[in-house]
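Residue strings, one per chain:
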Amino acid sequence: MSGQPSTRAVSSPLVCTLPLALCAAVLALLILVPPAHAQTGTVAWIWPTPADNARLTVTKSKVLTLTLAASTSGAAQVSIDPVGGLPPGATISLYADNGTSRAVFLWHPTQVGDYTLGFAASAGGASATPRTYRIRVNPDIPYPHVYALTDVRIGHWAKVLRRTVVRSQPRASARAVTTLGLLTPDDTQNLVLVLGGIDLSPTRTWYRVRLPILPNNSTGWVPREALGDLVSVNTHAYVDRATLTLTLKRNGTTIFRTIVGVGRSYWPTPRGEFYIREKLTDFDSPTYGPIAFGTSARSNQLTDWPGGGVVGIHGTDQPQLLPGHISHGCIRMRNADILKLARLMKIGTPLTVR
């Protein structure tokens with residue numbers, strides 16, 4: 001009834017009807033057993049919490065997001081808290097569910113420098129070892145920001161997602177160099193080697209790409225949205241027309257070398273920087289061997305050939321002619337060697353012809 005004090009049942013005091021010595025022993029045991037509500041479980045960090053002492057970086061104009069999670073085997077809710085408080089401009093939000101808690105730390109730093117942040121997880125008197133993170137706040141990236149994506153050790157390539165005009169400079173009003181389609185002349189997925197990029201703003205990026213056209217060694221610029229995700233490759237192939245060899249390197253270390261045949265003096269294999277554009281199999285003619293790689297190189301003489309005189313790397317049914325200047329410009333290898341190369345070299349691999 002409103003306004004009346006609430007009542008509750010009160011248990012009567014414990015009365016021992018046993019012999020005095022036995023009663024004392026029972027009471028001692030009861031004292032040694034802790035009440036159920038005082039029992040605690042263990043607390044542990046779980047995924048996606050970064051490892052202790054992880055080093056993180058963020059630019060001053062960006063927001064650092066750090067997600068931590070912890071669980072307990074006990075009944076209490078896990079609390080995740082910053083050690084020593086939050087830095088200026090930071091917030092932390094806690095989400096708990098069924099013995100597991102997740103904290104999302106958001107920080108928009110205002111000062112460049114190195115920072116150390118700690119976080120603790122606890123529940124019902126138990127706790128996990130605190131996690132500490134070293135955070136470096138870098139200056140804002142100035143725009144335009146220019147960077148390289150391909151060198152002698154690592155390359156980056158991307159699929160062409162839509163028919164797009166390649167420009168001579170990273171702007172839509174620049175001179176058109178060529179047009180990239182979705183497919184190669186052999187109806188395989190078209191791709192380009194991405195040499196570098198320029199960020200004009202946080203949302204506007206152009207990529208400088210190597211082009212499979214004449215004149216050889218042509219490059220141009222395409223908007224980022226015209227290409228798929230960048231794919232990295234750590235191999236680089238070298239063809240030496242003087243020593244008649246092909247060498248494949250991985251991370252700068254030679255992993256494969258063999259003799260080859262190259263173009264005759266009047267149909268020379270072009271010199272320059274190219275890339276592996278496609279991989280073809282199941283030929284009707286034994287002339288090409290079991291596998292052929294299409295490259296971005298083009299013959300300067302046989303421009304009326306199908307596909308515009310694509311220079312390929314392929315096997316041969318005349319291995320006795322190797323090494324030598326024997327082809328129309330393609331690079332010929334023994335069939336056993338092209339099969340081994342196919343296991344080591346992926347599409348997108350940069351190719352240097354000397």
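Below or above, wherever it landed, is the structure these notes cover. (Residues numbered from 1 in each chain as written. Predicted model: local features only at pLDDT ≥ 70, side-chain atom pairs only at ≥ 80, totals over all residues. Heavy atoms only, no water.)

## Quick look at the environment of Thr184
Then, number 1: By the secondary structure assignment, Thr184 is in the loop between β13 (176-180) and β14 (191-201).
Then, number 2: For Thr184, a relative accessible area of 4% gives the class buried.
Then, number 3: Here the alpha-carbon distance between Thr184 and Arg277, two residues 93 residues apart in the chain, equals 8.6 Å.
Then, number 4: Those residues in contact with Thr184 that lie beyond four places of it in its chain are Gln189, Asn190, Arg277 and Glu278. (Helix = DSSP H or I, 4+ residues; strand = E, 2+ residues; numbered from the N terminus. Buried < 20%, exposed > 50% of the residue type's maximum accessible area, 1.4 Å probe, protein only. Contact = heavy atoms within 4.5 Å.)

## Some points on unusual backbone geometry
Peptide bonds are mostly trans, and most non-glycine residues show a negative phi.
Then, number 1: With an omega of 15 degrees, the peptide bond between Trp47 and Pro48 qualifies as cis.
Then, number 2: Following the sequence through the fold, Pro48 ends up in the loop between β1 (43-46) and β2 (55-59).
Then, number 3: Note the cis peptide between Leu322 and Pro323, where omega equals -5 degrees.
Then, number 4: On the secondary structure map, Pro323 appears in the loop between β24 (310-314) and β25 (324-327).
Then, number 5: For Asn53, which is not glycine, the phi dihedral falls at a positive 65 degrees.
Then, number 6: Mapped onto the elements, Asn53 comes out in the loop between β1 and β2.
Then, number 7: For Asn53, a relative accessible area of 39% corresponds to the partly exposed category.
Then, number 8: At Asn98, a residue that is not glycine, the phi angle is positive and equals roughly 55 degrees.
Then, number 9: Inspection of the secondary structure assignment puts Asn98 in the loop between β5 (90-97) and β6 (100-107).

## Observations concerning the side chain of Thr72
Then, number 1: Position of Thr72 relative to the elements: it lies in strand β3 (residues 64-72).
Then, number 2: A distance of 3.0 Å separates a polar atom in the side chain of Thr72 from the backbone oxygen of Thr42.
Then, number 3: The residues contacting Thr72, other than those within four sequence positions of it, are Gly41, Thr42, Val43, Val78, Gly99 and Ala123. (Polar contact = N/O pair within 3.5 Å; in protein donor to acceptor, adjacent residues only side chain to side chain.)

## Here's the deal with the packing of aromatic side chains
Then, number 1: Tallying each qualifying case throughout the model produces four aromatic pairs.
Then, number 2: For the pair Phe105 and Phe119, a centre-to-centre distance of 5.4 Å together with 75 degrees between the ring planes defines the contact as edge-to-face. Taken together, the positions of Phe105 in strand β6 and Phe119 in strand β7 (residues 113-123) put the pair 14 residues apart, joining distant regions of the chain. Like Phe119, Phe105 is buried.
Then, number 3: Joined through ring pairs, the aromatic side chains of Phe105, Phe119 and Tyr133 make up one cluster.
Then, number 4: Residue placement shows Lys249 over the ring face of Tyr238; its charged tip is 5.5 Å from the ring centre. (Phe/Tyr/Trp six-rings, centres within 6.5 Å; stacked < 30°, edge-to-face > 60°. Lys NZ or Arg CZ within 6 Å of the ring centre and 35° of its normal.)

## A look at the pairing of β5
Then, number 1: Pairing between β5 and β6: eight bridges, direction antiparallel. Following the sheet pairing, Tyr95 is matched in β6 by Arg102.
Then, number 2: In textbook terms, the turn of a hairpin is the stretch between consecutive antiparallel strands, and for β5 and β6 this stretch comprises two residues, one of which, Asn98, has a positive phi near 55 degrees. (Pairing = 2+ DSSP bridges.)

## A few points about the nonpolar core
Then, number 1: Judged by nonpolar contacts, the single largest core of 24 residues is most densely connected at Val43, Trp45, Phe105, Trp107, Phe119, Ala121 and Ile135.
Then, number 2: Secondary-structure elements contributing two or more residues to this core are β1, β2, β3, β6, β7 and β9 (131-138).
Then, number 3: Excluding residues that lie within four positions of it along the chain, Ala121 makes contacts with Val43, Trp45, Ala70, Val78, Ser79, Ile80, Ala126, Ser127 and Ala128.
Then, number 4: Leu246, Phe293, Ile331 and Ala342 belong to the second largest nonpolar core, which has 23 residues in total. (Core = buried A, V, L, I, M, F, W, Y, C linked by side-chain atoms within 4.5 Å.)

## A look at the pattern of salt bridges
Then, number 1: Applying the stated rule across the entire model yields two salt bridges.
Then, number 2: Arg136 is paired through a salt bridge with Asp114; the nearest N and O atoms lie 2.7 Å apart. Highlighted residues: Arg136 in strand β9 and Asp114 in strand β7, separated in sequence by 22 residues.
Then, number 3: Given a relative accessible area of 44%, Arg136 falls into the partly exposed group. (Salt bridge = Lys/Arg side-chain N within 4 Å of Asp/Glu carboxyl O.)

Everything listed here is a matter of coordinates, which is why it stays silent on function.
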